[in-house]
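Notes for the structure review
Now for the letters of each chain:
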Amino acid sequence: METMKRTKIIDVLASTAYGTLVNVKGWVRTRRGSKQVSFIALNDGSTIHNVQVVVDLDKFDDELLKLITTGASLSVNGILTQSQGKGQAVEIQATEIEVYGTADPATYPLQKKGHSMEFLREIAHLRPRTNTFGAVFRIRHNMAYAIHKFFHDKGFFYFHTPIITASDCEGAGQMFQVTTMNLYDLKKDENGSILYDNDFFGKQASLTVSGQLEGELAATALGQIYTFGPTFRAENSNTPRHLAEFWMIEPEVAFNDINDNMELAEEFIKFCVRWALEQCADDVKFLNDMFDKELIARLEGVLKDSFVRLTYTEGIKILEEAVAKGHKFEFPVYWGVDLASEHERFLVEDHFKRPVILTDYPKEIKAFYMKQNDDGKTVRAMDVLFPKIGEIIGGSEREADYDKLYSRIQELHIPMKDMWWYLDTRRFGTVPHSGFGLGFERLLLFVTGMTNIRDVIPFPRTPKNAEF
Ligand code: 4AD
Ligand code: MG
C-alpha cells in the first residue's frame, strides 16, 4: 500500500478538495452494504463524526474484506468525493486498505449500540471508543484548556501545590494515608500509637484533600493564583456526585472580599459554560440529542441571568416554608443543618429557577479557615449551587486575623505543630483574601448532562473500585 501522510477525519470532513487522494486511519464503527459495495463508518477520535469509506467489493480481496468488522483498525487511501448520501458532505472511495488490527466479532464487547452506562463502566478501558465517551472526554479536555485560558488571561498564576501533604485542609478526616511502613509490623509507643519516625517522611503523611492552604501562601505573595490538580477524599459516600479521586480548581486572591469572590466565581463558571457551548458544539449537541434534550437549554439558561445571592439563614427560611406547605424532603431542615443536595436543588430548580450563591453558613459545618462574622455564629462561606448538581463550588473569604484564626484552630483541636507555616501568613503582612474550589467533574456533569460522576472521568475511583 502506498504510504501517504494521514489526514485527521475532522479535517477530511471539512475539506472540499474533491478528487484528491487522501489517507485516513481509524477504527471501524459500523460496516453495512450490499454484495457490490460496503459502507464503512470510520472514526479516529478527532471528532464525534465518522467519515464514510465506500468500498467497491470487486476491487478488494475477500480475505482482507472479512477482517473489516466493528472495532478493527484501518488505514485507508482513497479519493475524496462529494457524497450523494444524506448526512455527510464527503466520503472516501477506497483505493487501498490496510488492516492494522482485527477485532473478533465474537469477543469485541462494543458490537451493538445501546449498552448501559453500568456495563460501559465495567469496560472503562474500551468505553472511550463509544460516541458518548468520545464526546465526554473531548469536552473534558476543552474545559481544562478553558480554565487555564480564563485564569491566564486575567493574570493569575498557575501554582503547583503538593499532592502528598501532612495537613488536613478541610479538617474532615477523610485522608488517604501515604506510607512505606510494613503494615504487618507497625512500631507503636506504650499507648499503642503508631510511631512514624521511621516512615518515609518521618511523620504521618496523606494525599491532599485540597491545595488551598498552600494556595493561600502563594496568593499572599503573587497576588492571584490558581491550582488545578487531583485531590483525594476517603469519604465513604457512594453517590452520583462523589469520587475518591477528583480534580479541583482553586483560585485564591489577595485583597478580595467575599463579594469579589462571588463575582469571580460567577464570571468563571459562565466562561466555562459558554466555552462548552461555543467550542464543543458538536459534542454537546450529540449529548443533547442522545441523552438529555434539555442540556443546551440548561447551559444557555445559566448564562442568561445573574446568580441569586442569599444567606444560608434566608435559604433555611425558604426551605422551612416549603416544608410547612407540604413539600417532602428526605432529610430534615433546620438552622444549623448541613444542606443535602435535595435542599440545594430545591432552592435552585424549584424556588429561584437559576443558580444560587449561598453565603454565611453556621461555623460548625464549615472549615476552620473561614472568616468569622461578627454575630459569632456564622462564617463568610459561599457555596455556588447549580441545577441538577447542587454544590458545584465551595469557597469563602479567609480569616485574616491571627488571633481569631488561632483560637478557632484551638477550639477544633487541630494540631498546632502542623499549622505553623499557615499561621505565618497571618503573622507577617496578613491581608484580606478569598478563594474557592470548583469540582472539575461536577462542572463536567453539568456541561455534558451526564448523571453519574463516574462517567465524566476516564477511570473513576470510588469505594471498593480501583480497576484499571
Ligand atoms: O467544598 P469543598 O470541600 O471545598 C474545599 O476543598 C476548599 N478548600 C475549596 C477552596 O475554598 N479553595 O470542595 C470544593 C468543591 C465542591 O464544591 C465540589 O464541587 C467538589 O469540590 N468536591 C467533590 N467532587 C467530587 N467528589 C468529591 N468527593 C468532592 N468533594 C468536593
Ligand atoms: Mg463544600
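The structure we're discussing is the one just above.
This section reports on the structure supplied with the text. Source: prediction; values computed, not measured. (Residues numbered from 1 in each chain as written. Chains lettered and ligands numbered in written order. Predicted model: local features only at pLDDT ≥ 70, side-chain atom pairs only at ≥ 80, totals over all residues. Heavy atoms only, no water.)

For the rest of this paragraph, the subject is the overall build of the chain. Scanning the chain from terminus to terminus reveals 13 helices and 16 strands. By its C-alpha atoms, the chain is 85 × 60 × 45 Å across when sized along the principal axes. Taken over 468 residues, the chain has a buried fraction of 50%. Summarising the internal contacts of the chain: among those between residues at least 6 apart in sequence, 67% fall at separations of at least 24. When the accessible surface of the chain is split by element, carbon and sulfur atoms take 52% of a total near 23000 Å². On the chain, the mean spot of the 54 positive side-chain charges and the mean spot of the 66 negative ones are 4 Å from each other. (Helix = DSSP H or I, 4+ residues; strand = E, 2+ residues; numbered from the N terminus. Buried < 20%, exposed > 50% of the residue type's maximum accessible area, 1.4 Å probe, protein only. Contact = heavy atoms within 4.5 Å. Areas by Shrake-Rupley, 256 points an atom, 1.4 Å probe, with all protein chains shown as cover. Lys, Arg positive; Asp, Glu negative; His and termini not counted. Charge placed at Lys NZ, Arg CZ, Asp CG, Glu CD.)

What follows concerns the sheet that holds strand β5 (residues 90-101). The strand order around the closed barrel formed by five strands is β1-β2-β3-β5-β4, and the pairing between neighbours is mixed. Taken pair by pair, the neighbouring strands of this sheet meet at an average axis angle of 55°, ignoring direction. With seven bridges joining them, strand β1 (residues 21-33) and strand β4 (residues 73-82) adopt antiparallel strand pairing. Bridge assignment links G26 to a residue of β4, and that residue is L74. (Pairing = 2+ DSSP bridges. Axes fitted to C-alpha atoms, helices over the stretch in contact; angles between N-to-C directions.)

Below, the discussion takes up the site of ligand 1. Around ligand 1 lies a shell of 25 residues, among which E170, Q212, R233, E250 and E391 are the nearest. Measuring from a nitrogen atom of ligand 1, one finds a side-chain N or O atom of E250 at 2.7 Å. Here ligand 1 loses 94% of its free accessible area of 630 Å² to cover by the protein chains. Of all the elements in the fold, those that place two or more residues in the shell around ligand 1 are β11 (245-254), β15 (390-397) and β16 (433-439). The residue inventory of the shell around ligand 1, partitioned by class, reads nine nonpolar, eight polar and eight charged. (Near = heavy atom within 4 Å. Polar contact = N/O pair within 3.5 Å; in protein donor to acceptor, adjacent residues only side chain to side chain. Nonpolar A, V, L, I, M, F, W, Y, C, P; charged D, E, K, R; others polar.)

Here we come to a nonpolar patch on the surface. On the surface, a nonpolar cluster with roughly 400 Å² of combined accessible area is contributed by I163, I164, F200 and F201. On the secondary structure map, F201 appears in the loop between β8 (177-178) and β9 (205-207). The exposure class of F201 is partly exposed, given its relative accessible area of 40%. (Patch = residues over 30% accessible without salt bridge, like charges linked within 9 Å, V, L, I, M, F, W, Y side chains within 5 Å. Salt bridge = Lys/Arg side-chain N within 4 Å of Asp/Glu carboxyl O.)

Once that is clear, we can look at helix α12 (residues 420-427). Every buried residue belonging to α12 is among Y422, L423, T425 and R426, and all of these are buried. The buried residues of α12 occupy an angular sector of 140° when the element is viewed end-on, so they sit on one face. Those residues of α12 that are exposed and angled more than 90 degrees off the buried face are W420 and R427. Taken from the residues just after α12, G429 is the one with a positive phi, measuring 60°. (Arc of directions from axis to C-beta.)

Bringing the pattern of salt bridges into the picture now. For the coordinates displayed, the defined rule picks out 22 salt bridges. Across the pair R138 and D283 runs a salt bridge whose closest N-O atoms are separated by 3.0 Å. Placement of the pair is R138 in helix α4 (residues 131-153) and D283 in helix α7 (residues 281-290), with a sequence separation of 145 residues. With a relative accessible area of 7%, D283 lands in the buried category. Among the charged side chains, a salt-bridge network with shared partners connects R121, R127 and D455.

The two faces of strand β12 (residues 308-311) differ: V308 and L310 on one face are buried, but R309 and T311 on the other face are not. Examined bridge by bridge, β12 and strand β13 (residues 356-362) share four bridges and lie parallel to one another. Directly across from V308, in β13, lies its bridge partner V356.

Applying the stated criterion across every chain, the model contains 24 aromatic pairs. Both rings, one in F151 and one in Y226, keep their centres 4.7 Å apart while their planes meet at 20°; by these two values the pair is stacked. With F151 in helix α4 and Y226 in strand β10 (residues 224-232), this residue pair connects regions lying 75 residues apart in the sequence. In this pair, the class of F151 matches that of Y226, namely buried. Ring geometry for F329 versus F346: centroids 5.4 Å apart, planes at 85°, classification edge-to-face. (Phe/Tyr/Trp six-rings, centres within 6.5 Å; stacked < 30°, edge-to-face > 60°.)

The strands that make up a sheet are held in pairs by hydrogen bonds between backbone atoms, and each pair lies either parallel or antiparallel. The strand order across the open sheet built from three strands is β7-β9-β8, with neighbouring strands paired in antiparallel fashion. Each having just a single partner strand, β7 (164-165) and β8 make up the two edges of the open sheet.

Take unusual backbone geometry next. Even without glycine at this site, K388 takes up a positive phi of about 70°. Topologically, K388 is positioned in the loop between β14 (378-386) and β15. The phi dihedral of F468 falls on the positive side, at around 75°, and the residue is not glycine. Secondary-structure assignment places F468 in the segment after α13 (440-448).

Once that is clear, we can look at the packing of helix α11 (residues 402-411) against α12. Interaxial distance between α11 and α12 falls to 9 Å at its minimum, and their mutual angle equals 155°. Between α11 and α12, the interaxial angle falls into the category roughly antiparallel. In this structure, α11 meets α12 at a crossing whose hand is right-handed. Listed contacts from α12 to Y402, L405, Y406 and I409 of α11 are Y422, L423, R426 and R427. Residue composition of the contact of α11 with α12, grouped by class: six nonpolar, no polar and two charged. (Parallel < 35°, antiparallel > 145°, perpendicular 65-115°, else oblique. Left-handed = near helix turned anticlockwise from the far one by under 90°.)

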